[in-house]
Amino acid sequence: MDAFNHLQVIEFNRHSPASIEQALQSYQAKLEAHQAFVRGGRFNLMFMDNSSGTREHLQLDMLQDQQLAMAALSLNPDGGHLSSYVVSDERLLYLSETLLFALALEHESLYPQLRKTAQAMVNYARFENDTSEMWLDDTRVFGAEPLYMMAAKDANDATYLAQFFIPYWDDEHAVGYGDMMLSLLKQHGWCEAMINAFIWCDNHSFRFAFYGSDWEQPAPRFQPLGDYLKANPDKYPRFIELVKQRFHAQPALVYSEHDSLEEQKPILNLYLTLFAECCGQDSEEMNCELAEHFINDSLENEAINLQNQLKLELNGKLCCYAGSIAYQQKQRIARTERKEARDKYLGGLKMVSELLLSLDNSHTLLSYISTGEQPEILNDIERFNIVSHSEKHALALFEAIQESCWDIDDFDHVRDNFHEVMEHLAKDLLQDNDEDMSEAEINGFISRVNPKPENVTLASANTQPESQVRSAQTLLRFVDIFYRFFGQQAFNDEMCDLLTGETEYQAIISVDDYYARFMPAGAKQKSTNEISRAEQKSLESLLDEFCDIGYSQISAEMLEQADELFANRASLNCQDWPEDELGIDALCAYLLLKDKQQNHHDDYTQALHDKLKGMFERAVNLMLENADILDDGPFTEKGLNDTELQQLKAYFTEATPELNQQQMIALLNQHLYSQDICRRAYLYFPKISPLQKSYSFLDDHDDDYQRVVLSCLWLKQLDIPEAINAERIWQLLITMAPIRVVHVIAKAYSEQSRKLRFESAVDEQNFFDMLNSHGIDKAFTLAYQVEQFSASTSRTDDYLNLVELMGELDNEQQGMMAAARRNDAKALLRGLDYSYQPTKLEFHKHVAMAFPSMPFALDNQLKQCLGDFIKLNQNSWEEAIASQFSDNVIFSDFVTDAAELPK
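Residues numbered from 1 in each chain as written. Predicted model: local features only at pLDDT ≥ 70, side-chain atom pairs only at ≥ 80, totals over all residues. Heavy atoms only, no water.

Caption draft 1: Focus on the overall build of the protein chain. Across its full length, the protein chain holds 42 helices and eleven strands. Put simply, 68% of the contacts in the protein chain that link residues at least 6 apart link residues at least 24 apart. About 44900 Å² of surface is accessible on the protein chain, with carbon and sulfur atoms providing 47% of the total. (Helix = DSSP H or I, 4+ residues; strand = E, 2+ residues; numbered from the N terminus. Contact = heavy atoms within 4.5 Å. Areas by Shrake-Rupley, 256 points an atom, 1.4 Å probe, with all protein chains shown as cover.)

Caption draft 2: The arrangement of the sheet that holds strand S1 (residues 8–12) in detail. Strand order in the open sheet formed by three strands is S1-S4-S5, with mixed pairing between adjacent strands. The open sheet has two free edges, formed respectively by S1 and strand S5 (56–57), since each of these has just one partner strand. With two bridges connecting them, strand S4 (residues 45–49) and S5 associate as antiparallel partners. Opposite Met-48, over in S5, you have His-57 as the bridge partner. Sitting on the sheet, helix H1 (residues 17–32) is in contact with S1 and S4, with an inclination near 155 degrees to S1. Sheet strands in contact with helix H3 (residues 96–104) are S1 and S4, and its direction is about 50 degrees off that of S4. (Pairing = 2+ DSSP bridges. Axes fitted to C-alpha atoms, helices over the stretch in contact; angles between N-to-C directions.)

Caption draft 3: Local environment of the pairing of S4. The buried fraction of S4 is high, at five of five residues. Across the two faces of S4 the burial is the same, with Leu-45, Phe-47 and Asp-49 and Met-46 and Met-48 all buried. Where S1 and S4 come together, five bridges link them in parallel fashion. When the sheet's bridge partners are listed, Gln-8 is paired in S4 with Leu-45. Hairpin connection between S4 and S5: a loop of six residues separates the two successive antiparallel strands, and Gly-53 in this loop has a positive phi of roughly 100 degrees. (Buried < 20%, exposed > 50% of the residue type's maximum accessible area, 1.4 Å probe, protein only.)

Caption draft 4: The nonpolar core, seen in detail. Counting residues in hydrophobic clusters, the biggest one holds 108 residues, and the most contacted among them are Phe-142, Phe-164, Trp-169, Trp-190, Phe-210, Phe-239 and Tyr-271. If you tally residues by element for this core, the top one is helix H4 (residues 111–128), at eight residues. When sequence neighbours within four positions are dropped, the list of residues in contact with Trp-190 reads Leu-185, Ile-195, Phe-198, Phe-210, Tyr-211, Phe-222, Gln-223, Pro-224, Leu-225 and Tyr-228. Counting residues in hydrophobic clusters, the runner-up holds 102 residues, among them Leu-559, Met-615, Tyr-651 and Leu-718. (Core = buried A, V, L, I, M, F, W, Y, C linked by side-chain atoms within 4.5 Å.)

Caption draft 5: A look at helix H31 (residues 642–653). An ideal rise of 1.5 Å per residue puts 16 Å on twelve residues; H31 measures up with 16 Å between its terminal C-alpha atoms. Looking at H31, one finds that the buried residues are Glu-644, Leu-645, Gln-647, Leu-648, Ala-650, Tyr-651 and Phe-652. Elements in contact with the buried residues of H31: helix H30 (615–624), helix H32 (661–671) and helix H34 (722–736). N-capping of H31 is provided by Asn-641, with a side-chain oxygen placed 3.1 Å from the backbone N of Thr-643. (Expected span 1.5 Å × (residues − 1). Polar contact = N/O pair within 3.5 Å; in protein donor to acceptor, adjacent residues only side chain to side chain.)

Caption draft 6: Molecular detail of the pattern of salt bridges. Evaluated as defined, the whole model comprises 38 salt bridges. Note that Glu-11 is salt-bridged to Arg-55, the shortest N-O span being 2.7 Å. Placement of the pair is Glu-11 in strand S1 and Arg-55 in the loop between S4 and S5, with a sequence separation of 44 residues. The partner of Glu-808 in a salt bridge is Arg-821, and the shortest N-O contact between them spans 3.1 Å. Separated by 13 residues along the polypeptide, Glu-808 in the loop between helix H38 (796–805) and helix H39 (816–832) and Arg-821 in helix H39 bring together distant segments of the chain. Given the relative accessible area of 35%, Arg-821 is considered partly exposed. Here the salt bridges do not stand alone but share partners, grouping Lys-687, Asp-699, Asp-703, Arg-740 and Lys-747 into one network. (Salt bridge = Lys/Arg side-chain N within 4 Å of Asp/Glu carboxyl O.)

Caption draft 7: Broad picture of unusual backbone geometry. One non-glycine residue, Gln-374, lies in the positive phi region at around 55 degrees. Inspection of the secondary structure puts Gln-374 in the loop between helix H17 (362–371) and helix H18 (386–393). Here Gln-374 falls in the partly exposed class, since its relative accessible area comes to 48%. Of note in this structure, Asp-703 is not a glycine but carries a positive phi near 50 degrees. Relative to the elements of secondary structure, Asp-703 occurs in the loop between strand S11 (683–686) and helix H33 (706–715). Since its relative accessible area comes to 4%, Asp-703 is described here as buried.

Caption draft 8: Quick look at the packing of aromatic side chains. Summed over all chains, the structure comprises 48 aromatic pairs. Taken together, a centroid distance of 5.9 Å and an interplanar angle of 15 degrees make the contact between Phe-43 and Phe-142 stacked. Pair noted here: Phe-43 is in strand S3 (residues 42–43) and Phe-142 is in the loop between H4 and helix H5 (144–153), with a separation of 99 residues, a long-range link. Looking at Phe-142, the relative accessible area reads 0%, which means it is buried. With 6.4 Å between their ring centres and 90 degrees between their planes, Phe-208 and Tyr-211 make a pair best called edge-to-face. As far as the burial class goes, Phe-208 and Tyr-211 line up, both buried. (Phe/Tyr/Trp six-rings, centres within 6.5 Å; stacked < 30°, edge-to-face > 60°.)

Caption draft 9: The packing of H18 against helix H19 (residues 395–404), seen in detail. Relative to each other, H18 and H19 sit at 130 degrees, their axes nearing to 6 Å. Comparing their axes, H19 and H18 come out oblique. The hand of the H18/H19 crossing is left-handed. Along the contact surface, H18 presents Ile-386, Val-387, Ser-390, Glu-391 and His-393, while H19 presents Leu-395, Leu-397, Phe-398 and Ile-401. Looking at side-chain class alone, the contact of H18 with H19 contains six nonpolar, two polar and one charged residues. (Parallel < 35°, antiparallel > 145°, perpendicular 65-115°, else oblique. Left-handed = near helix turned anticlockwise from the far one by under 90°. Nonpolar A, V, L, I, M, F, W, Y, C, P; charged D, E, K, R; others polar.)

Caption draft 10: Structural context of the side chain of Asn-725. Summarising the element assignment, Asn-725 is placed in helix H34. Polar contacts involving the side chain of Asn-725 include one to the main-chain carbonyl oxygen of Thr-653, which spans 3.4 Å. Within the local environment of Asn-725, its side chain forms a polar contact with the backbone oxygen of Glu-654, the two atoms lying 3.1 Å apart. Apart from the residues lying within four places of it in its own chain, the contact partners of Asn-725 are Phe-616, Phe-652, Thr-653, Glu-654 and Ala-655.

Caption draft 11: Seen up close, helix H15 (residues 323–343). Taking 1.5 Å per residue as the helical rise, H15 with its 21 residues ought to reach 30 Å, and the 30 Å between its terminal C-alpha atoms agrees with that figure. Where H15 is buried, its residues touch H4, helix H16 (347–357), H19 and helix H21 (418–429).

Caption draft 12: Local environment of the packing of H3 against H4. Contact geometry of H3 with H4 gives a least axis separation of 10 Å together with a crossing angle of 150 degrees. One way to sum up the angle between H3 and H4 is to call them roughly antiparallel. In this structure, H3 uses Glu-97, Phe-101 and Ala-104 to contact H4, whose residues at the interface are Tyr-111, Leu-114, Thr-117 and Met-121. Of the residues in the contact of H3 with H4, the class split is five nonpolar, one polar and one charged.

Caption draft 13: Examining the environment of Ser-510 more closely. Residue placement: Ser-510 occurs in the loop between helix H24 (493–499) and helix H25 (511–517). With relative accessibility at 28%, the residue Ser-510 sits in the partly exposed group. Separated by 14 residues in the primary sequence, Ser-510 and Cys-496 have C-alpha atoms spaced 9.0 Å apart.

Spelled out as structure tokens, the structure:
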């Protein structure tokens with residue numbers, strides 16, 4: 001709460017009443033113009049003393065009477081301040097507003113101006129009707145302490161403070177302010193001025209706070225107004241008159257815009273707060289209070305009669321919404337209209353032109369943009385906050401900036417997201433290629449423009465036909481100017497994408513020329529490896545994709561990009577590549593395999609090899625994220641112990657591990673997470689099949705382990721020490737989950753990651769032959785094809801071919817081809833046992849339809865089905881109830897002693 005950014009200062013001479021009055025008038029003007037707060041509702045004013053010739057912070061010891069200010073400050077959420085506290089640049093305790101009023105209260109001649117200022121504060125609060133627009137810091141609001149001091153000096157001024165406590169008050173953070181009204185009432189009693197203040201308060205909680213009642217402690221600490229009026233019935237007529245005067249002068253504020261004005265009962269609500277007994281009561285208890293006799297009739301009848309009378313006199317206008325609601329609605333309509341205009345043809349051009357036309361040097365800037373002449377003017381453009389300026393002079397641009405970034409007060413953040421704003425210009429100034437367009441390289445950038453007359457200025461361009469305003473040069477010159485406005489600091493790389501053809505628009509400048517044109521003065525090019533900036537940018541993008549293990553898989557497109565990029569071997573300089581990344585491990589493995597296939601072996605090859613250090617440890621650690629480890633997690637009684645953990649890691653990282661493959665799988669099956677299907681209570685069934693566990697590490701949403709699988713596939717083919725470990729891990733994985741391994745590898749070789757698709761049938765067959773050559777049984781590649789083809793309408797013919805293949809089991813023809821197809825059919829039957837059971841059974845159904853005379857032995861499946869059926873129906877009635885209503889069952893088990901039941 002001590003940290004406070006004061007962007008506006010009102011200074012005055014604290015010894016001069018005239019200077020204090022001028023400060024009050026300046027404050028009024030800021031409030032009336034809604035310039036006293038920054039976006040987000042933080043107070044943006046500081047009052048400072050200049051009586052010594054320099055600005056100085058106001059201090060408590062400057063006051064003749066510190067007690068009044070101290071009393072006000074003691075009633076805010078901070079709980080007060082010591083008189084010895086000193087405000088400084090290092091400790092900005094916010095006191096200046098309170099101290100300004102305290103100094104003004106020392107001069108009776110300033111009271112009229114104080115009341116005008118108080119009214120401006122009340123008007124602002126009631127206009128907003130939201131404490132989120134009134135903050136001093138995290139818990140304090142502006143204005144309360146000054147208004148309290150005025151009311152403490154003169155009870156007639158208590159009405160200002162009462163009005164200031166608006167209905168939409170944050171009673172979770174801005175707490176404790178109700179004690180101000182209680183303090184004033186204890187000081188002044190129920191005089192007419194305090195009664196009037198009560199009537200003018202539109203927050204029912206603060207009306208209860210007058211006498212110290214709240215929802216948690218309804219018992220009053222001072223006599224409630226209702227009790228006072230009952231004890232002094234002669235004051236009641238004046239009370240009614242004050243109520244009438246108030247509602248004739250101003251309707252009551254409703255809580256929010258969601259409350260219907262027609263359903264409001266402001267007079268009844270006022271009467272309900274006259275008694276502490278009504279504080280915190282429910283509707284039934286309230287009915288009892290309403291029926292109680294008040295002065296002349298029941299409380300409810302007297303309130304309703306007065307309310308009806310005022311409704312008749314005021315044509316029902318007893319309540320109103322805050323002024324901000326109508327203002328915001330008007331603003332929303334205007335903003336929608338501006339957005340629609342901005343999204344129309346030439347809207348982006350008009351949006352930016354509005355900003356430039358508001359500048360003093362607009363003619364010079366527009367001339368450069370239109371013609372490109374006098375580029376030296378760019379040297380005169382200094383850093384300029386376009387956000388604050390556009391908020392006042394170019395609202396359409398300001399709103400586009402708002403939409404592009406979440407923190408418009410951070411100028412660097414605005415710059416990082418400014419490419420989104422420039423897309424509105426690109427929409428107007430770039431277009432698709434057509435017959436009327438020409439393309440040429442001019443001054444180092446690509447120009448794709450329609451013919452247009454010479455000497456067309458930006459201002460007149462808005463009225464020209466479409467073919468006369470679209471210009472690639474114009475867009476680049478706009479970027480030139482905004483680049484200077486941002487202090488010649490680099491834009492986000494997405495700005496480069498926008499202008500170099502990486503988005504929906506055609507390229508208008510090359511990557512190298514873009515970075516040369518918009519490279520900050522004194523900055524060094526990132527390219528130090530004898531590669532172009534375009535190649536450097538492509539490399540950075542590709543590395544990001546390979547490292548994006550949590551959200552995307554390695555795809556055929558990424559491998560094609562790697563082939564194209566690393567054709568320039570200088571791009572293989574990996575010294576600055578990210579460290580300890582499985583994605584980089586996979587890329588290095590792929591590139592090493594490429595080097596072997598192309599007979600390359602140089603320093604780049606050795607560097608790629610060195611980059612693999614620690615890869616297998618990273619691979620095992622990723623697997624262990626889906627395993628139980630003893631004393632690591634919520635369950636301490638199960639999991640891999642230290643010895644088992646070391647054995648498991650050694651299998652991945654050591655040349656000669658202690659465990660063999662069979663032992664390793666047994667250990668992993670004991671501790672690895674797997675995904676099963678729960679059908680009832682504690683009965684779980686395999687998600688895939690009894691022969692194939694659904695390992696979580698291999699079957700997560702993003703296939704994170706794909707990079708490990710691919711790394712092992714590529715490394716095992718090399719003549720390096722890591723090939724031994726890669727081969728061992730590869731054999732482990734294809735033994736544990738062969739079809740799943742095929743699935744994750746196919747994502748990197750297929751044209752589409754979600755569907756199995758190759759350029760040709762030959763390429764597809766070569767892919768599966770490659771997997772078979774690396775030890776994956778044909779049974780599993782065929783079963784994988786069944787899974788893929790059965791789920792794809794475009795591969796129906798391929799699926800039917802596999803159905804037809806099963807007919808070979810009944811084919812007695814001899815010969816190599818017939819024998820091979822029979823072997824394939826038998827292999828497919830074996831592989832389907834590892835596939836998803838619904839897929840397998842659906843395939844058998846289609847085979848039976850195609851070959852009615854061919855029997856299929858599904859005895860194991862029938863036994864499994866019967867076993868599952870018995871399991872699902874063998875529960876006792878107690879277990880069935882516990883399963884059916886598990887959410888509502890506290891305890892499910894057998895006990896011999898009722899005392900053992902949970903309490």
